[in-house]
Amino acid sequence: QVQLVESGGGLVQAGGSLRLSCQASGRTFSGYVMGWFRQAPGKEREFLTAITWNSGIAYYGASVKGRFTISRDNAKNTVYLQISSLKPEDTAVYHCATVRRTTIGTMTPKEIDNWGKGTLVTVSP
């Protein structure tokens, strides 16, 4: 029974920062890639970044523009997303996700094995 539980979202003023957490449980994640997506109302779910569980190799989507940092703590089965210089357009529900592969690269919604329910980030002007 795989569970992904995000936390750390909230209301932040533009220019601020947040660290989101994704607590994973239910299996060993060796051989998986963990990543983050976001989705604003009426928009497509957007890939942000991913990291291999085994080696900690990170990959960033072009839309990140240097403001996002992904990391993971294997001992805690937790993946993090650090966001800096937040902008109002960052307002979205941020989802943690897993895919069973070890090669790093863009994650697509269709290949995702498990989704977290998401945590809402709201950035005020």
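Model, not experiment: these values are computed from the prediction. (Residues numbered from 1 in each chain as written. Predicted model: local features only at pLDDT ≥ 70, side-chain atom pairs only at ≥ 80, totals over all residues. Heavy atoms only, no water.)

S.K.: Help me out: how do you make sense of the packing of aromatic side chains in this one?
M.R.: The description of two aromatic rings rests on the distance between their centres and on the angle between their planes. Per the stated rule, a full pass over the model turns up five aromatic pairs. Taking the centre distance of 5.6 Å and the plane angle of 70° together, the rings of F37 and F47 count as edge-to-face. Pair noted here: F37 is in strand β4 (residues 33-39) and F47 is in strand β5 (residues 46-52), with a separation of 10 residues, a long-range link. On the accessibility criterion, F37 (0% relative accessible area) is buried. What makes F47 buried here is its relative accessible area of 10%. Taking 4.9 Å as the distance between ring centres and 65° as the angle between the ring planes, the aromatic pair formed by F37 and W115 counts as edge-to-face. Of this pair, F37 sits in strand β4 while W115 sits in strand β10 (residues 114-115), and the two are 78 residues apart along the sequence. (Phe/Tyr/Trp six-rings, centres within 6.5 Å; stacked < 30°, edge-to-face > 60°. Helix = DSSP H or I, 4+ residues; strand = E, 2+ residues; numbered from the N terminus. Buried < 20%, exposed > 50% of the residue type's maximum accessible area, 1.4 Å probe, protein only.)

S.K.: How should the sheet that holds strand β3 (residues 18-25) be read in this particular structure?
M.R.: The strands that make up a sheet are held in pairs by hydrogen bonds between backbone atoms, and each pair lies either parallel or antiparallel. Taken in spatial order, the four strands of this open sheet run β1-β3-β8-β7, and their pairing is antiparallel. The two strands at the open ends of the sheet, each matched to only one other strand, are β1 (3-7) and β7 (68-73). Within the sheet, the average angular offset between the axes of one strand and its neighbour, ignoring direction, is 15°. The pairing of β7 with strand β8 (residues 78-83) spans six bridges and is classified as antiparallel. (Pairing = 2+ DSSP bridges. Axes fitted to C-alpha atoms, helices over the stretch in contact; angles between N-to-C directions.)

S.K.: Before we go on, may I ask you to explain the environment of F47 in this structure?
M.R.: Sequence separation between F47 and P109 is 62 residues; the distance between their C-alpha atoms is 8.1 Å. Ignoring any residue separated from it by four or fewer positions in sequence, one finds F47 in contact with W36, F37, Y59, G61, S63, G105, T106 and M107. (Contact = heavy atoms within 4.5 Å.)

S.K.: Which parts of the structure should I look at to understand the environment of K43?
M.R.: Along the chain, the position of K43 falls in the loop between β4 and β5. Of the residues examined, K43 reaches a relative accessible area of 56% and is grouped as exposed. Taking the C-alpha atoms as reference points, K43 and A92, 49 residues apart in sequence, are found 9.6 Å from one another.

S.K.: Can you help me understand the pairing of β4 in this one?
M.R.: On a regular strand, each side chain points to the face opposite its neighbour's, so the side chains alternate between the two faces of the sheet. With six of seven residues buried, β4 is to be regarded as a mostly interior element. Between β4 and β5, which pair antiparallel and follow one another directly, the connecting turn spans six residues, one of which, G42, has a positive phi of 80°. Pairing between β4 and strand β9 (residues 92-99): seven bridges, direction antiparallel. Within the sheet, the bridge partner assigned to F37 lies in β9 and is H95.

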